[in-house]
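The chain contents come next:
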Amino acid sequence: MTPAPDAGPDAAEAWDDLLRAEFARAADDVTPGPAPVEAVVREGRARRRRRTVALSFLAVLGVSAAVAAGTALTRDPHPAAGYAAPPVPATATAPATSAPATNGPDPSAPDPPASDAPAVPSVPRTSATGAQVPSPVRTVAAGERVAAAPGWTVWLTDRGKHWKGGVDGLEQFRSVTDGNIDLTRPAVSHQSEGTFHSGLYYGTRDAGRVELVDARGRTTPATLLTLPGSPGWGVWYAVAPDETAAGVRLHDRAGRLLSELPAV
């Protein structure tokens, strides 16, 4: 149905009414089906899961970005920071440069080198008993023969001191087990035969020096022998420059006098 041309406003309104009536009749002829409730619910749940996953992913990205930013702040602020010029050695002298006069110290000027400060002398530590020195005592095996001087031989056993020489060439022995020696107190013994002197030292595991001292104050250092295991005793021997009577002194490694025998 088509309205007649140039029918006027009334004809147009009548035509609109007719169309509305036709649309209403057509709508009444359509029977609507049931609403898709289950499909709508499934779609809503799927959208909710997708949104939850997306939010979790964004949260992880945010934490990672914060950690990366904190790590970057602890690094050098510039890639060339690791190529800075090394510090000037303490012995180097900076070249003289001209600078404008100021009323005070330049806050941007570098600190003076460490060599400008007065050096603090180092004081070596010492023990209360003085400086210790390595033991001068020679350790020998039991029965090992030692050439002490031309014509003289000395050796040690668990029983004591053995020596042989002189005009007669007799073997002699001085015991450390017969009870005549107190091994708990530092002391020395002395046997003199011409210029050859020898004896025992005992009562200490810290023996440092045995020496002969004659009436004129001349000293002759002795050689010290002991057995393995630091038994607390040993043998000393020395050759004096002449047959002048001499006394014997026993010192520890710190130089302290432990025992002394007068000249005989």
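A few points on the structure.

If you walk across this open sheet you meet the 4 strands as β2-β3-β4-β5, and the pairing is antiparallel. The outermost strands of the open sheet, each flanked by one partner alone, are β2 (146-149) and β5 (170-175). Shown here is a sheet whose adjacent strand axes are inclined to one another by a mean of 30 degrees, direction ignored.

The biggest cluster of nonpolar side chains holds 19 residues, and the ones touching the most others in it are Val154, Leu156, Phe196, Leu200, Leu225 and Trp233. Only β2, β3 (152-157), β8 (196-202) and β12 (233-239) provide two or more residues apiece to this core. By size, the runner-up hydrophobic cluster in this structure holds 14 residues, among which are Tyr201, Val210, Leu212 and Ala222.

Right, let's talk about the sheet that holds strand β14 (residues 257-261) for a bit. The strand order β10-β9-β13-β14 describes an open sheet built from 4 strands, whose pairing is antiparallel. Single-partner strands in this sheet number two, and they are β10 (219-221) and β14. Across the sheet, the axes of successive neighbouring strands diverge by a mean angle of 25 degrees, strand direction being ignored. Both strand β9 (residues 207-214) and strand β13 (residues 246-252) contribute to a ladder of 7 bridges, which runs antiparallel. Directly across from Glu211, in β13, lies its bridge partner Arg249.

Reading the values: rules and limits
- Residues numbered from 1 in each chain as written.
- Predicted model: local features only at pLDDT ≥ 70, side-chain atom pairs only at ≥ 80, totals over all residues.
- Heavy atoms only, no water.
- Pairing = 2+ DSSP bridges.
- Helix = DSSP H or I, 4+ residues; strand = E, 2+ residues; numbered from the N terminus.
- Axes fitted to C-alpha atoms, helices over the stretch in contact; angles between N-to-C directions.
- Core = buried A, V, L, I, M, F, W, Y, C linked by side-chain atoms within 4.5 Å.
- Buried < 20%, exposed > 50% of the residue type's maximum accessible area, 1.4 Å probe, protein only.

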